[in-house]
Every structure is written in structure tokens, then in C-alpha cells.
Amino acid sequence: MSIWRVLLSILFPPLAVIDKGCGSIIIVTILTVCGWIPGVIAALIILNNPNN
């Protein structure tokens, strides 16, 4: 995970997970709309997942 991805996930979480699939984008977008911090946390978790 690069520093640019971390900064992007803090500033605009759905854009940071754009290459992880449609489901990830939808989940992070919904969490970001509900609250900015849950969206950031979800984006960081998705980006930090070693399986993808």
C-alpha cells in the first residue's frame, strides 16, 4: 500500500478502492455517505487486505 493510496483513502475513500471491484466501491461509498470516518476505515481495511 503506497502513501498515495493512504492519502487518497483519507481524502476520498471510494476513489482509493476503485480497482478492487464494484462491491468494494459500493460498500465504501455507502459508509462514506453515512459518515466519513467509517468510509476511511473501510477503505484502509480493503487496501490492507493481503488476499487482493
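Small disclaimer: the values here were computed from a predicted structure and weren't measured.

Describe the environment of serine 9, listing the residues and the values that go with them.
Looking at where serine 9 falls in the secondary structure, it is placed in helix α1 (residues 3–11). Taking the C-alpha atoms as reference, serine 9 lies 6.0 Å from alanine 43; in sequence the two are 34 residues apart. Each residue touching serine 9, except ones within four places of it in the same chain, is listed here: Ala16, Val40, Ala43, Leu44 and Leu47. Polar contacts involving the side chain of serine 9 include one to the main-chain carbonyl oxygen of valine 6, which spans 2.8 Å.

Which residues make up the UniProt feature "transmembrane region" (unreviewed entry) in the chain, and what values go with them?
As recorded in UniProt, the feature "transmembrane region" (unreviewed entry) lies at residues 26–47. Across residues 26–47, helical content stands at 95% and strand content at 0%; the span's end C-alpha atoms are separated by 15 Å.

How would you summarise the environment of asparagine 51 if you had to cite specific residues and measurements?
Looking at the element boundaries, asparagine 51 is found in the segment after α4 (36–48). Counting along the chain gives 38 residues from asparagine 51 to proline 13, while the straight-line C-alpha distance between them is 20 Å.

Now, about the pattern of salt bridges: what can you tell me, with residues and values included?
A full pass over the atoms with the stated rule returns one salt bridge. The shortest N-O distance in the salt bridge between aspartate 19 and arginine 5 comes to 3.1 Å. Here arginine 5 lies in helix α1 and aspartate 19 lies in the loop between α2 (13–16) and α3 (22–34), a separation of 14 residues in the sequence.

Explain α4 residue by residue, including any values.
Compared with an ideal rise of 1.5 Å per residue, which puts 13 residues at 18 Å, α4 spans 18 Å between its outermost C-alpha atoms and is within 8% of the ideal. What α4 keeps buried is the set Gly39, Val40, Ala42, Ala43, Ile46 and Leu47. One face of α4 carries all of its buried residues, which in axial projection span an arc of 165 degrees. Set apart from the buried face of α4 by more than 90 degrees, the exposed residues are Ile37, Ile45 and Asn48. Where α4 is buried, its residues meet α1, α2 and α3.

The rules we used
Residues numbered from 1 in each chain as written. Predicted model: local features only at pLDDT ≥ 70, side-chain atom pairs only at ≥ 80, totals over all residues. Heavy atoms only, no water. Helix = DSSP H or I, 4+ residues; strand = E, 2+ residues; numbered from the N terminus. Contact = heavy atoms within 4.5 Å. Polar contact = N/O pair within 3.5 Å; in protein donor to acceptor, adjacent residues only side chain to side chain. UniProt positions renumbered as here; feature names shortened; annotations may be inferred. Salt bridge = Lys/Arg side-chain N within 4 Å of Asp/Glu carboxyl O. Expected span 1.5 Å × (residues − 1). Buried < 20%, exposed > 50% of the residue type's maximum accessible area, 1.4 Å probe, protein only. Arc of directions from axis to C-beta.

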